[in-house]
Amino acid sequence: HPSQRTISEPADQVVCRVCHHGNRKSSTGRASGMKLGRKGKDVDLFVDQIRAEGKDVPASGAVRSVKATNSAVTTSPQQQPQSVHLMIQEKVVVTAGRDGGLQNMEILGMMQLKVTDPEYGRILIMIDNQDDRPLQFQTHPNVDKRLFTSDSVLGLKQANRSFPINNDIGVLKWRLQTVDEALLPLSINCWPQEAAGGSCDVNIEYELLQTYLELQEVTISIPLPSGVGDPVIKELDGTYHHDRRKHLLEWRLPVIDQSTSTGSVEFSMQSGAPDDFFPVRVTFTSPKLYCRLQVGGVQIVEGGSVNYSSSYTLNTDRYEIV
């Protein structure tokens, strides 16, 4: 195991991968912006409306993949997004039992579109869905649900109108809910055990179950009993930080991926009971989505592919072992 060391709090970071895709620019003339919702209403009405739930779309109809016609180039998040930019975000919520078993897991995804050039307001977005798990999809009410169900393509019901310009527009949501422990991104096994003389030994191990993921800035926070001194670290993968004010041991790992798919920490406290070390909480971010879903391409309604950029992020909303 690497040498043990205590580190100070890092600044919060947001990990975001921006991909640029492109080929020829369409010669189609500029399209007028569509005022989504009732006729005569402003585009702002749609921006507010987008926060409401869309219509249900059966998962079975949207599993056909559309192959990308453009090659993806990974660039840094600081680079300027294209005139058509797609932001794909997922949040994971997990409640797992300390003795094993998964009480609940939810993956909540959202795809947002931002168009900054009116020339590209009338577009179709191809979705490449390679996930065979039971995802539940929702399209926004102004998006053509039948087109998405049959062809995995996102476009407006009124194809002659334009998406709003210079607004972040939610066009697709998805959800995966399960109690199958094998579907956890990261499993945590925490074993506190009382030892001789009233002390308590704690062993914690992690395992990356979805090995296609790359988890970054991972922090596993373990509560500690108060008033019994500092934890004595015996073995450690990664680094740790003892937050004396919050009575927490923060086990930190910069990256968990296929090459570092397992790891452990072992420490002891002068006294304590097993219940003192729960709930264990986990935070991480990732430039890869949990669901095997991505943008397959963007086209003008009349035909012709469009330059676009896309970003993908996965974050923890709440991840607890209770």
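Residues numbered from 1 in each chain as written. Predicted model: local features only at pLDDT ≥ 70, side-chain atom pairs only at ≥ 80, totals over all residues. Heavy atoms only, no water.

Focus: the pattern of salt bridges
Stated precisely, the cut-off is as follows: The salt bridge definition used is simple: a Lys or Arg side-chain nitrogen within 4 Å of an Asp or Glu carboxyl oxygen. A run of DSSP states H or I qualifies as a helix once it reaches four residues; a run of E qualifies as a strand once it reaches two. Both are numbered from the N-terminal end. Categorising residues by exposure relies on relative accessible area from a 1.4 Å probe, with only protein chains included: less than 20% of the type maximum marks a residue as buried, more than 50% marks it as exposed, and the intermediate range marks it as partly exposed.
Inspection of every chain in the model, using the stated rule, returns eight salt bridges. A salt bridge links glutamate 302 to arginine 122, with the shortest nitrogen-to-oxygen separation between them at 2.5 Å. With a gap of 180 residues between them, glutamate 302 in the loop between strand E18 (293-300) and strand E19 (308-321) and arginine 122 in the loop between strand E5 (102-115) and strand E6 (123-129) connect regions that are remote in the sequence. With relative accessibility at 47%, the residue glutamate 302 sits in the partly exposed group.

Some remarks on the sheet that holds E6
Heads up, the condition is: Strands are treated as partners if at least two bridges between them are detected by DSSP.
Pairing within the open sheet is antiparallel, and its three strands lie in the order E8-E6-E18. The outermost strands of the open sheet, each flanked by one partner alone, are strand E8 (153-154) and E18. Relative to E8, E6 is paired through two bridges, and the arrangement is antiparallel. Counterpart to methionine 126 in the pairing with E8 is valine 153.

As for the packing of aromatic side chains
Put simply, the test is: Aromatic contacts are taken between Phe, Tyr and Trp rings whose centres are within 6.5 Å, Trp giving its six-membered ring; a plane angle under 30 degrees counts as stacked, one over 60 as edge-to-face, and the others as tilted.
Under the counting rule described, the total for this entry stands at four aromatic pairs. Here the aromatic rings of tyrosine 206 and tryptophan 251 are separated by 5.7 Å at their centres, their planes lie at 50 degrees, and the arrangement is tilted. Within this pair, whereas tyrosine 206 is found in strand E11 (residues 200-208), its partner tryptophan 251 is found in strand E15 (residues 248-256), the two being separated by 45 residues in sequence. With a relative accessible area of 4%, tyrosine 206 lands in the buried category.

A closer look at the sheet that holds strand E13 (residues 232-236)
Here is the rule: What counts as an axis is a line fitted to C-alpha atoms, over the stretch in contact for a helix, and the angles between N-to-C directions run from 0 to 180 degrees.
Taken in spatial order, the four strands line up as E10-E11-E16-E13 in an open sheet, and their pairing is antiparallel. In the strand order of this sheet, the two ends are held by strand E10 (186-194) and E13, each with one partner. The mean inter-strand angle of the sheet, taken between neighbouring strand axes irrespective of direction, is 15 degrees. Pairing of E13 with strand E16 (residues 262-269) involves four bridges; the strand directions are antiparallel. Bridge pairing links leucine 236 to valine 265 in E16.

Overview of the nonpolar core
Just so we agree on the cut-off: Take the buried residues of types Ala, Val, Leu, Ile, Met, Phe, Trp, Tyr and Cys, join any two whose side-chain atoms come within 4.5 Å, and each joined set is a nonpolar core. In what follows, a contact means two residues having at least one pair of non-hydrogen atoms within 4.5 Å.
With 73 residues, the main nonpolar core has Met111, Ile123, Leu186, Ile220 and Phe267 as its most contacted residues. Not counting residues within four places of it along the chain, the set of residues in contact with phenylalanine 267 comprises Cys200, Asp201, Val202, Ile204, Ile222, Leu224, Pro231, Val232, Ile233, Lys234, Leu249 and Phe277.

Structural notes on the confidence of the model for the protein chain
Any region with low pLDDT has predicted coordinates that should not be read closely. Spelled out, the test is: The quantity known as pLDDT measures the predictor's confidence residue by residue, on a range of 0 to 100.
In this model, the protein chain carries an average pLDDT of 83, and 75% of its residues clear a pLDDT of 70 or more. Note on residues 1-19: pLDDT under 50 across the span, and 53 contacts to partners over four residues away in sequence or across chains. Long-range and interchain partners of residues 23-76, a stretch whose pLDDT sits below 50, account for 121 contacts in this model, where long-range means more than four residues apart.

Comments concerning the environment of glutamine 210
Here is the rule: Whenever two N or O atoms come within 3.5 Å, that pair is a polar contact, provided that in protein one can donate a hydrogen and the other can accept it, and provided that, for residues adjacent in sequence, both atoms are side-chain atoms.
Along the chain, glutamine 210 falls in the loop between E11 and strand E12 (215-223). Distance in space between the C-alpha atoms of glutamine 210 and serine 187 is 9.8 Å, their sequence separation being 23 residues. A distance of 3.4 Å separates a polar side-chain atom of glutamine 210 from the backbone oxygen of leucine 183.

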